[in-house]
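Structure assessment
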Amino acid sequence: MPTLRETLSTTEQLAVAVRQQTPVRLAQTFASFEGQFYDRTPFDDLARHVHALYEPAEADIFRTRLDRRLRDRHSAPVAWDVVHSLAGQQRVA
């Protein structure tokens, strides 16, 4: 029998995480997994997606704390102002 997690889409799993975790805790968790991504683009995409799921005040806390944790780990902050074009190329907004 599948677990609940296995029955939820990625978007639904992220929505559950946002409801269950504070922005500070989720930022800590994200920062701890940053090194697992060979290409930072999917990590940044995921961070932007989670950021969009939080209410504005909590989204600001998530963004600030995640960027701080990444800097503490000597990593670049998330590229927050990236927009995807239809051709799949990214550009800075």
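Residues numbered from 1 in each chain as written. Predicted model: local features only at pLDDT ≥ 70, side-chain atom pairs only at ≥ 80, totals over all residues. Heavy atoms only, no water.

Side note on the overall build of the chain
- Within the chain, the regular secondary structure consists of five helices and two strands.
- Helices (α) and strands (β) of the chain occur, in sequence order from the N terminus, as α-α-α-α-α-β-β.
- Taken as a whole, the chain presents about 6,600 Å² of accessible surface, with 53% of it coming from carbon and sulfur. (Helix = DSSP H or I, 4+ residues; strand = E, 2+ residues; numbered from the N terminus. Areas by Shrake-Rupley, 256 points an atom, 1.4 Å probe, with all protein chains shown as cover.)

Points about the side chain of Glu34
- With respect to the element layout, Glu34 can be found in the loop between α3 (23-33) and α4 (40-53).
- The exposure class assigned to Glu34 is buried, which follows from its relative accessible area of 12%.
- In this structure Glu34 touches Arg40, Phe43, Leu70, Arg73 and Ser75, once residues within four positions along its chain are discounted. (Buried < 20%, exposed > 50% of the residue type's maximum accessible area, 1.4 Å probe, protein only. Contact = heavy atoms within 4.5 Å.)

Topic: the packing of aromatic side chains
- Summed over the entire model, instances satisfying the criterion amount to five aromatic pairs.
- Their ring planes at 65 degrees and their centres at 5.5 Å tell us that Phe37 and Phe43 sit as a pair that is edge-to-face.
- You can call Phe37 partly exposed: its relative accessible area is 28%.
- Using a relative accessible area of 1% as the deciding quantity, one classes Phe43 as buried.
- Here the aromatic rings of Tyr54 and Phe62 are separated by 5.8 Å at their centres, their planes lie at 35 degrees, and the arrangement is tilted.
- Judged by relative accessible area, Tyr54 falls into the buried class, the value being 5%.
- Taking relative accessible area as the criterion, Phe62 reaches 0% and is therefore assigned buried.
- Through pairs of rings, three or more aromatic residues link up here, namely Phe30, Phe37, Phe43, Tyr54, Phe62 and Trp80. (Phe/Tyr/Trp six-rings, centres within 6.5 Å; stacked < 30°, edge-to-face > 60°.)

Focus on a positive patch on the surface
- A cluster of basic residues, Arg25, Arg65, Arg68, Arg69, Arg71 and Arg73, forms a positive patch at the surface.
- Per element, the largest residue contribution to the positive patch is four residues, and it comes from helix α5 (residues 56-72).
- Relative to the helices and strands, Arg65 is located in helix α5. (Patch = residues over 30% accessible without salt bridge, like charges linked within 9 Å, V, L, I, M, F, W, Y side chains within 5 Å. Salt bridge = Lys/Arg side-chain N within 4 Å of Asp/Glu carboxyl O. Lys, Arg positive; Asp, Glu negative; His and termini not counted. Charge placed at Lys NZ, Arg CZ, Asp CG, Glu CD.)

Side note on α4
- For α4, built from 14 residues, the straight-helix expectation of 20 Å at 1.5 Å per residue is met to within 8% by its first-to-last C-alpha distance of 20 Å.
- With a side-chain oxygen lying 3.1 Å from the backbone nitrogen of Thr41, the N-terminal cap of α4 falls on Asp39. (Expected span 1.5 Å × (residues − 1). Polar contact = N/O pair within 3.5 Å; in protein donor to acceptor, adjacent residues only side chain to side chain.)

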